[in-house]
Amino acid sequence: MRIIALATCFLALSVCTAAESLTSGVPVGKRPGPYSFLVATGKERGQSTCFICEQGKKPAVVIFARSLSDPLGKLLLKFDDETGTRKDFKAWMTLLTPKADLDALANWSKTQGLKSVPIGAFEDTDGPPAYLLHKDADVTVMVFANEKVLLNRSFRSGELTLKDVDAMMAEAKTALDKKKE
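Along each chain, numbering runs from 1 in the same order as the chain's sequence is written. A pLDDT threshold of at least 70 governs which residues receive local features in this predicted model, and a stricter bar of 80 or more applies before side-chain atom pairs are shown or counted, although totals over entire chains, interfaces and linings include all residues. Processing note: side-chain calculations cover all non-hydrogen atoms of the structure and skip hydrogens and water entirely.

(A) Inspection of the pairing of strand β5 (residues 119–122) at higher detail. Buried means the residue's accessible area, taken with a 1.4 Å probe over protein chains only, is under 20% of the maximum for its type, while exposed means over 50%, and partly exposed covers the values in between. Numbered from the N terminus, helices here are DSSP runs of H or I no shorter than four residues, and strands are runs of E no shorter than two. A two-sided burial pattern is seen for β5, the buried positions comprising Ile119 and Ala121 on one face and Gly120 and Phe122 on the other. Sheet analysis places strand β1 (residues 37–39) next to β5, joined by 2 bridges and oriented antiparallel. Bridging across to β5, Val39 finds its partner in Gly120. In the sheet, strand β4 (residues 90–96) pairs with β5 via 4 bridges, with the strands oriented parallel. Each bridged residue has a counterpart across the sheet, and for Met93 the counterpart in β5 is Ile119. At least two bridges found by DSSP between two strands are what make those strands a pair.

Next comes the structure, spelled out in structure tokens:
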């Protein structure tokens, strides 16, 4: 009887732990630190660039990813559209990888239909050290303005769905609109 009770408690704890959100990246209210990555698309292609440095106080979204997926592409496409509607707004995606394949990233970006959102690679699967990205976070989205993180969401592998893309975009727009107030 005790074994069954212990097994039930362990199973319940495992399910609750798996369903918990990840704490990953720079906390809300804190300043995102600079980091450079190799850009695969756009005019900066092949260069090591720090968009955090370039944006300064201007609004931006950085997406760190450890794998590429269709939902990630859809999310980036929504931010791609948003770059045309917000003044001084920039969004970009940084793939965390042991070795950058800029051609493959550029092809993936083209397949997704991205026009304005730069895609690049940071050659370390842990990500920039100051960002403290959780090892289980496959995608981390950080919205910031005025040198402060306004929104920070992370998804485990396979957790980012098309439904999440719409919700994430709504949250990002709300955060960006509030920073104007």
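(B) Here's a closer look at the pairing of strand β6 (residues 139–145). Among the 7 residues in β6, 7 count as buried, and that is most of the element. Because side chains alternate across β6, one face comprises the buried residues Val139, Val141, Val143 and Ala145, and the other comprises Thr140, Met142 and Phe144, equally buried. Across 7 bridges, the pairing between β6 and strand β7 (residues 148–155) is antiparallel. Bridge pairing links Val139 to Phe155 in β7. Between β6 and the antiparallel strand that follows it, β7, lie 2 residues; Asn146 among them carries a positive phi value of about 50°.

(C) Geometry of helix α4 (residues 102–112). Every buried residue belonging to α4 is among Leu102, Leu105, Ala106, Trp108, Ser109 and Gln112, and all of these are buried. Viewed end-on, α4 has its buried residues packed into an arc of 160°, placing them on one side of the element. Counted as exposed and oriented over 90 degrees from the buried face of α4: Asn107, Lys110 and Thr111. Pairs of residues are marked as contacts when any of their non-hydrogen atoms sit within 4.5 Å. Elements in contact with the buried residues of α4: β1, α3 (70–83), β4 and β5. The positive-phi residue at the C-terminal boundary of α4 is Gly113, with phi of around 85°. Directions pointing from the helix axis toward each C-beta atom define the arc.

(D) How the structure looks around the nonpolar core. Counting 32 residues, the largest nonpolar core has Val61, Ile63, Leu72, Leu76, Phe79, Met93 and Val139 as its most contacted members. Sorting the residues of this core by element identifies β3 (60–65), α3, β4, α4, β5, β6, β7 and α5 (162–178) as the ones contributing at least two each. No other element matches α5, which puts 6 residues into this core. We call a set of buried residues a nonpolar core when its members are Ala, Val, Leu, Ile, Met, Phe, Trp, Tyr or Cys and they connect through side-chain atoms within 4.5 Å of each other. With 18 residues, the next largest nonpolar core counts Cys50, Ala60, Tyr131 and Val149 among its residues.

(E) Representation of the sheet that holds β4 in the model. Spatially, the 7 strands line up as an open sheet ordered β2-β1-β5-β4-β3-β6-β7, and their pairing is mixed. Here the strands that pair on one side only, and so sit at the sheet edges, are β2 (48–49) and β7. Sheet strands touched by α4: β1, β4 and β5. Its angle to β5, the strand with the most contacts, is close to 145°. All axes are obtained by fitting lines to C-alpha atoms, using only the stretch in contact for helices, and the reported angles, taken between N-to-C directions, cover 0 to 180 degrees. The strands touched by α5 within the sheet are β6 and β7, with β7 carrying the most contacts at an inclination of about 170°.

(F) Representation of the pattern of salt bridges within the structure. Throughout this description, the term salt bridge denotes a Lys or Arg side-chain nitrogen within 4 Å of a carboxyl oxygen of Asp or Glu. For the coordinates displayed, the defined rule picks out 9 salt bridges. Between Glu159 and Arg156 there is a salt bridge, and its shortest N-O distance comes to 3.8 Å. Glu159 gets classed as partly exposed once you look at its relative accessible area, which sits at 32%.

(G) Representation of the state of the cysteines. For the purposes of this analysis, a disulfide is any pair of cysteine sulfur atoms at a distance within 2.5 Å. All told, the structure shown has 1 disulfide when counted by the stated rule. With its sulfur 2.5 Å from that of its partner, Cys50 forms a disulfide with Cys53. Between Cys50 and Cys53 the disulfide shows an S-S torsion of about 75°. By sign, it is right-handed.

(H) Region of the structure containing the environment of Leu176. Its location among the elements puts Leu176 in helix α5. By relative accessible area, Leu176 is classed as buried at 2%. Residues Leu176 and Arg86 lie 90 residues apart in sequence; the distance between their C-alpha atoms is 9.4 Å. Discounting residues that sit within four places of it in the chain, Leu176 has contacts with Pro59, Arg86, Phe89, Val143 and Phe144.

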